[in-house]
Amino acid sequence: MVDFKDIELKDKAWIDPLLKMSDFKGSEYVFSNNYNWKDIYHIQVAQVGGYYCVRSGIEERSYLYPSGSGDIAPVIEALIQDAKERECPFQMHGIVKENVALLETLFPGRFAFEEYRDGFDYIYNTVDLATLSGKKYHGKRNHITKFKQNHPDWVYEPITAENIEECRAMNKIWCEKQGNCNDPSLKQELCAVKKALDHFFDEGLKGGLIRTKEEGIVAYSIGAPLSSDTFIVHIEKAFAEVQGAYPIINQEFVRHNCMDYKYVNREDDVGDEGLRKAKLSYKPAILLEKYTATLK
């Protein structure tokens, strides 16, 4: 049986190098996501044969496609055996097309693969998000222009030890504006946001906010480096009634934090139609397809 354990902050020291070896673009392959959602998804981790392995879920357990270097076949076999000894079906997630092909080569006919559309990541060209140039972004530019006209005193600030508590206060107000902070999915998200704010500096996160003289903080965003060419945005909050608040924090955060990266991963849409429409409206350069694999 694999010696899985609950993920802790100190695990970042050994997890990051293994993530770097694979250099995956998927949103599952960054320490901050695994740590911030650990209580919701019951995330446990282990190092197996030079690979970073993740086990998550409660009633239905699933293994993340391993990240690391070396012969992956015995690592997959070890995870299959782990599931067998724990008397649960073996399922693996976060698998991109290239790794579906590799698994078919290494384990011909042993897995059934299924596309997981709700988990597809939206990945954008950084320059597109920073400039919003061209006809396809005309509406976004208009909203930002309106915001600047209505708030000529607006400023962008990086999130620091001096203003992070203001972000926490703004997030509380944002939640209250949703009308139902007891909604289970919203409560889960707020739990992950709280963990990100509580451990912002230890996780190596980057953040930025938009402030106006009248309203104070109206938007903020938090993310982290994901791979050699991709930065990931974990959290983006803005007051919806403030016209242009979402587009301007999106653009300014990218301009200040992501320009050293070719791509920006803005994660999946969890099957929410409104979120899917919003993410498609920014015209992703890559819609990262993901699959689950179930042992036959």
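Residues numbered from 1 in each chain as written. Predicted model: local features only at pLDDT ≥ 70, side-chain atom pairs only at ≥ 80, totals over all residues. Heavy atoms only, no water.

What follows deals with the packing of helix 7 (residues 138–150) against helix 10 (residues 245–257). Remark: helix 7 packs on helix 10, axes separated minimally by 8 Å, with the N-to-C direction vectors making an angle of 100 degrees. When the axes of helix 7 and helix 10 are compared, the pair comes out roughly perpendicular. Contacts between helix 7 and helix 10 involve Lys140, His143, Ile144, Phe147 and Lys148 from the first element and Ala245, Pro247, Ile248 and Gln251 from the second. Classifying every residue of the contact of helix 7 with helix 10 by side-chain character gives five nonpolar, two polar and two charged. (Axes fitted to C-alpha atoms, helices over the stretch in contact; angles between N-to-C directions. Helix = DSSP H or I, 4+ residues; strand = E, 2+ residues; numbered from the N terminus. Parallel < 35°, antiparallel > 145°, perpendicular 65-115°, else oblique. Contact = heavy atoms within 4.5 Å. Nonpolar A, V, L, I, M, F, W, Y, C, P; charged D, E, K, R; others polar.)

If you look at the biggest cluster of nonpolar residues, it comprises 49 residues, and the most contacted ones within it are Phe147, Ile159, Ile210, Tyr220 and Ile222. If you tally residues by element for this core, the top one is strand 11 (residues 216–225), at six residues. Leave out the neighbours within four places in its chain, and isoleucine 222 touches Ile159, Leu197, Phe200, Leu205, Lys206, Gly207, Val233, His234, Ile235 and Phe253. Within the second largest apolar cluster, 37 residues are counted, among which are Ile43, Ile76, Phe90 and Val100. (Core = buried A, V, L, I, M, F, W, Y, C linked by side-chain atoms within 4.5 Å. Buried < 20%, exposed > 50% of the residue type's maximum accessible area, 1.4 Å probe, protein only.)

The backbone of histidine 42 shows a phi angle near 50 degrees, a positive value even though the residue is not glycine. Positionally, histidine 42 belongs in the loop between helix 3 (38–41) and strand 2 (44–48). Relative accessible area serves as the criterion here: at 35%, histidine 42 is assigned to the partly exposed category. The residue glutamate 87 is not glycine, and still its phi comes out positive at about 60 degrees. Of note, glutamate 87 is situated in the loop between helix 4 (73–85) and strand 6 (91–95).

Computed from the structure, the second largest pocket encloses a volume of approximately 300 Å³. The leading source of residues in the lining of the second largest pocket is helix 1 (residues 12–22), at four residues. Among the residues forming the lining of the second largest pocket, the class breakdown is seven nonpolar, four polar and five charged. (1 Å grid on protein atoms, 1.4 Å probe; cavity = no way out; pocket = protein on both sides within 12 Å on 5 of 7 lines; lining within 4 Å. Points joined across faces, edges and corners; volume = space filled by probe spheres on them.)

What follows deals with the pattern of salt bridges. Overall, the coordinates contain 25 salt bridges when judged by the stated rule. Where lysine 5 meets aspartate 11, a salt bridge forms, and the shortest distance between an N and an O atom there is 2.6 Å. Taking the relative accessible area as the measure of exposure, lysine 5 reaches 28% and is therefore partly exposed. In this structure, the salt-bridge partner of arginine 110 is glutamate 77, at a minimum N-O distance of 2.9 Å. Here arginine 110 is found in the loop between helix 5 (97–106) and strand 7 (111–115), whereas its partner glutamate 77 is found in helix 4, with 33 residues between them in sequence. Glutamate 77 sits in the partly exposed class, given a relative accessible area of 34%. (Salt bridge = Lys/Arg side-chain N within 4 Å of Asp/Glu carboxyl O.)

As a further point, take the pairing of strand 15 (residues 291–295). Summarising the sheet, strand 6 and strand 15 pair through three bridges and their orientation is antiparallel. If you follow glutamine 91 over to strand 15, its bridge partner there is threonine 294. Bridge analysis of strand 7 against strand 15 gives five bridges, and the strand direction is antiparallel. Looking at the pairing, glutamate 115 lines up with tyrosine 291 of strand 15. (Pairing = 2+ DSSP bridges.)

It is worth spelling out the packing of aromatic side chains at this point. The description of an aromatic ring pair rests on the distance of the ring centres and on the angle between the ring planes. For the coordinates displayed, the defined rule picks out 16 aromatic pairs. The ring of phenylalanine 239 carries the charged tip of lysine 177 above its face, separated from the ring centre by 5.2 Å. The side chain of lysine 237 reaches across the aromatic face of tryptophan 174, ending 3.7 Å from its centre. (Phe/Tyr/Trp six-rings, centres within 6.5 Å; stacked < 30°, edge-to-face > 60°. Lys NZ or Arg CZ within 6 Å of the ring centre and 35° of its normal.)

What follows deals with the pairing of strand 6. Counting buried residues along strand 6, four of its five residues qualify, which places the element largely inside the surrounding structure. Pairing of strand 4 (residues 62–64) with strand 6 involves two bridges; the strand directions are parallel. Each residue of the ladder has a partner; that of tyrosine 63, found in strand 6, is methionine 92.

Next up on the list: helix 10. Helix length check: helix 10 (13 residues) gives 18 Å between terminal C-alpha atoms against 18 Å at 1.5 Å per residue, within 8%. Across the 13 residues of helix 10, ten count as buried, placing the element largely inside the fold. Listing the buried residues of helix 10 in full gives Ala245, Pro247, Ile248, Ile249, Asn250, Gln251, Glu252, Phe253, Val254 and Asn257. (Expected span 1.5 Å × (residues − 1).)

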